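# Secondary and tertiary structure notes
Residues per chain, in single letters:
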Amino acid sequence: MGNLLEDASRAAGNVATQAAPWVERLARVGFAANALTYIVIGALAAQAAAGRGGRMTDMRGAFRAVLERPFGRGVLIVLAVGFFGYAIWALVEAVVDPERRGTTPKGIALRIGDVGSALIHGALGLAALHLARGGVGGGDNTEQLTARALALPYGEWLVVAAGAGVICFGLYELYLAFTAQVSDHLDLHALSAEAERWALRVSRFGIAARGIVFGIGGGHLIRAALRHDPSEAADLGDSLRAVRSGQYGDWLLGVVAAGLIAYGIYQLVHARYRRITPAA
């Protein structure tokens with residue numbers, strides 16, 4: 001695996017160097033697309049928590065909410081371009097390795113994660129484009145995908161592994177929120193010291209909120225596998241509903257909703273201040 005990644009990195013290096021300006025622009029649009037989507041999800045959940053309408057939804061639900069607004073179709077097309085751009089940037093990170101994470105076990109794991117991120121954001125781009133062109137739905141939901149996985153040989157184990165992976169990702173997000181240097185990949189010299197402190201605080205809050213939501217989703221996947229019931233699987237909207245279902249549910253939902261909005265702001269900070277060097 002290490003040799004394969006090294007060979008791919010060398011082969012892609014020259015291409016990345018030539019395409020670097022476009023890759024950087026697309027990556028920044030991608031961060032902005034992520035930002036808008038999470039802000040919409042958080043704002044809708046906050047409205048629901050406050051009893052002012054709103055709803056608890058996932059990324060595709062956020063796309064539909066955008067479509068309902070003035071110029072929504074055009075905004076969706078821009079979002080699709082952004083998600084495709086983010087997918088390209090994630091692939092560049094995986095193959096070219098501009099941040100020099102190398103072929104250590106940790107480096108390979110992070111680069112494989114980049115490939116997964118590219119696939120997810122590519123699928124989101126297709127879903128946004130499909131909806132902008134007048135389509136309905138936009139891909140299988142979590143319950144449908146879980147049902148397909150459970151129908152496979154050793155499907156329960158596959159879904160348990162997927163749920164465990166999602167929980168691990170949520171825990172990793174919490175690690176980033178509370179212990180990691182969030183600003184490692186950011187160039188914040190243009191901000192005042194006070195503005196930088198607030199940007200990092202908001203970012204940590206947002207990362208923690210997303211980690212909690214992903215952890216809940218992973219737990220639901222494992223329960224779906226153990227009960228062989230795909231209806232137990234949870235997308236982002238279902239995870240938010242789970243937050244609301246407990247004691248002090250509206251208050252907890254409000255906090256998590258604010259966290260998702262904060263995560264959107266964190267993505268906006270990346271869109272503006274992320275150091276993006278597509279060439280190794």
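The rules behind the values
Residues numbered from 1 in each chain as written. Predicted model: local features only at pLDDT ≥ 70, side-chain atom pairs only at ≥ 80, totals over all residues. Heavy atoms only, no water. Helix = DSSP H or I, 4+ residues; strand = E, 2+ residues; numbered from the N terminus. Buried < 20%, exposed > 50% of the residue type's maximum accessible area, 1.4 Å probe, protein only. Contact = heavy atoms within 4.5 Å. Areas by Shrake-Rupley, 256 points an atom, 1.4 Å probe, with all protein chains shown as cover. Axes fitted to C-alpha atoms, helices over the stretch in contact; angles between N-to-C directions. Parallel < 35°, antiparallel > 145°, perpendicular 65-115°, else oblique. Phe/Tyr/Trp six-rings, centres within 6.5 Å; stacked < 30°, edge-to-face > 60°. Lys NZ or Arg CZ within 6 Å of the ring centre and 35° of its normal.

### Digging into the overall build of the chain
The secondary structure content of the chain amounts to nine helices and zero strands. Element order for the chain, N to C, with α for helix and β for strand: α-α-α-α-α-α-α-α-α. The burial tally for the chain puts 44% of its 280 residues in the buried class. For the chain, contacts bridging at least 24 residues in sequence account for 74% of all contacts bridging at least 6. For the chain, the accessible area works out to roughly 14500 Å², and carbon and sulfur atoms hold 64% of it.

### Brief notes about the side chain of S117
Take S117: it is sitting in helix α4 (residues 105-132). Take S117: its relative accessible area is 18%, and that puts it in the buried class. Beyond its immediate sequence surroundings of up to four residues, S117 is in contact with Y86 and A90.

### A few points about the packing of helix α5 (residues 142-150) against helix α6 (residues 155-178)
Packing of α5 against α6 brings their axes to within 7 Å, and their N-to-C directions diverge by 135°. With respect to α6, the element α5 is oriented oblique. Facing T146, A149 and L150 of α5, the residues of α6 in contact are G155, E156 and V159.

### Section: the packing of aromatic side chains
On inspection of all chains with the given rule, the structure shows six aromatic pairs. Taken together, a centroid distance of 5.2 Å and an interplanar angle of 80° make the contact between F31 and Y86 edge-to-face. Of the two residues, F31 is situated in helix α1 (residues 2-49) and Y86 in helix α3 (residues 72-95); the sequence distance between them amounts to 55 residues. Take F31 and Y86: they sit in the same class, and that class is buried. Geometrically, the ring pair formed by F63 and F83 is tilted, given 5.8 Å between the ring centres and 55° between the ring planes. Here F83 lies in helix α3 and F63 lies in helix α2 (residues 59-67), a separation of 20 residues in the sequence. Assessed through its relative accessible area of 0%, F83 is described here as buried. We note R25 situated over the ring of W22; from NZ or CZ to the ring centre the distance is 5.3 Å.

### Here's the deal with the environment of D229
Relative to the assigned elements, D229 resides in the loop between α7 (193-226) and α8 (236-245). Given the relative accessible area of 27%, D229 is considered partly exposed. Every residue in contact with D229, bar those within four places of it in the chain, is listed here: L150 and A224.

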